[in-house]
Amino acid sequence: MSHSSCSLNSSNVFEYGNYKTTLLSIKAKEDGFCSRRSSSTTDSVSPPKPVLVGRPETGEGGEFPVLMLLHGFMTPNDFYSQLIRHVASYGLIVVAPQLYSIATTDATGDIEAAAAITDWLSNGSLQSFLPSNICPIVTKLALSGHSRGGKAAFALALSKPESFSALIGIDPVDGTTFSQTPPPVLTQVPSSFQLGGIPVMVIGSGLGAEKKNLFSCACAPKGVNHEDFYKECQSPACYFVAKDYGHMDMLDDDTKGMIGKMTYAMCKNGESREPMRKFVGGVLVAFLKAYLEGNDDDWVAIRNGEVELPVQLDAEDFRLSVPA
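Here we summarise the structure given alongside this text. Just so you know, these numbers come straight off a predicted model, no measurement behind them. (Residues numbered from 1 in each chain as written. Predicted model: local features only at pLDDT ≥ 70, side-chain atom pairs only at ≥ 80, totals over all residues. Heavy atoms only, no water.)

### Section: the packing of aromatic side chains
- The tally for this structure, following the rule as stated, stands at 14 aromatic pairs.
- A ring pair is formed by Phe154 and Phe193, whose centres lie 5.5 Å apart and whose planes are at 40 degrees; its orientation type is tilted. Of this pair, Phe154 sits in helix H4 (residues 148-159) while Phe193 sits in the loop between strand E7 (166-170) and strand E8 (200-205), and the two are 39 residues apart along the sequence. Each member of the pair, Phe154 as well as Phe193, is classed as buried.
- For the ring pair Phe240 and Trp299, a centre distance of 6.1 Å and an interplane angle of 85 degrees mean the geometry is edge-to-face. With Phe240 in strand E9 (residues 237-242) and Trp299 in helix H8 (residues 297-303), this pair connects stretches of sequence that are 59 residues apart. For the pair Phe240 and Trp299, one class covers both residues: buried. (Phe/Tyr/Trp six-rings, centres within 6.5 Å; stacked < 30°, edge-to-face > 60°. Helix = DSSP H or I, 4+ residues; strand = E, 2+ residues; numbered from the N terminus. Buried < 20%, exposed > 50% of the residue type's maximum accessible area, 1.4 Å probe, protein only.)

Given below as structure tokens:
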């Protein structure tokens, strides 16, 4: 188990919030995890997959809603560290599992792994890795995912909507330029998703459907991307598309190694990642504060155009009411 801390102060939801944050890496049960606790105790509460946890750091403690964030295709969970910190700095606990180490085209394993992490959260095991005064509210569990992780998030929420209080797709993708990949989630039928009435937000990238060059494929091609996911959502749901930003632009600025270089090389990108990452972080925070905590000030300001966004939008749509 390892951790690091960071803090920035701001009253703008698109900047870091007022909580200091800590990132905590927790190894999976099968990884031979060792810590100051006895091995038998640790083994009984360790997650089924490695997880990266971002949490508020406060001496006063408190109870905090939980967001599960599923990573994209072949993307390590720590490539989302800056986004995780952003959300955690507003008083949420973010749990980002590493769903696999070797990827295939079939996302069935991703969905099963995410379901196992959901069960692990629901039984309260995360508390064993947190200070006693930092309490996750597992009855306020939101689910999100980026790229193929967005597909997995929708698939999991469709199978057990009662487990989640909100659902967010961050540039979700259900296949390639040529076809859907297994298991297919999109039905090609408008308003077909049966999600039990939980609020849904879909965030899309304006450049995701474009090729980076003649020799590449679009990373979020038309027919299987954010537009299609939103069309299949029933109310309550909302939708944003960030113009001039790409499929990987919500990741950390410095993504290391060969995979990190590929996140820049494979997809058409914006001029920098920071504006898109700030936008995703800000709308995530505003949405979750509104629909998990009943604090809708930032959400109303965004809906009413009363706050300057860090990106220009190609599209926005609201098919949900402001929480009472």
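### Quick word on the state of the cysteines
- Under the defined criterion, the tally for this structure stands at one disulfide.
- Cys217 carries a free sulfur, and the closest cysteine sulfur to it, the one in Cys219, is 8.7 Å from it.
- In this model Cys233 remains outside any disulfide bridge; the closest cysteine sulfur is found in Cys238, 9.3 Å from its own.
- The exposure class of Cys233 is buried, given its relative accessible area of 0%. (Disulfide = S-S within 2.5 Å.)

### Focus: the side chain of Ser216
- Here Ser216 is to be found in the loop between E8 and helix H5 (226-231).
- A distance of 3.2 Å separates a polar atom in the side chain of Ser216 from the backbone nitrogen of Lys212. (Polar contact = N/O pair within 3.5 Å; in protein donor to acceptor, adjacent residues only side chain to side chain.)

### Points about the side chain of Arg148
- By the secondary structure assignment, Arg148 is in helix H4.
- Assessed through its relative accessible area of 7%, Arg148 is described here as buried.
- A polar contact of 3.0 Å, which involves the side chain of Arg148, links it to the side chain of Asp110.
- Beyond its immediate sequence surroundings of up to four residues, Arg148 is in contact with His71, Gly72, Phe73, Tyr100, Thr104, Thr105, Asp106, Ala107, Asp110 and Val173. (Contact = heavy atoms within 4.5 Å.)

### Describing the environment of Leu67
- Mapped onto the fold, Leu67 is located in strand E4 (residues 62-70).
- Separated by 219 residues in sequence, Leu67 and Ala286 have C-alpha atoms that sit 13 Å apart.
- Leaving out residues up to four positions away in the same chain, Leu67 has contacts with Val87, Ile93, Val94, Val95, Ala142, Leu143, Ser144, Ile168 and Leu288.

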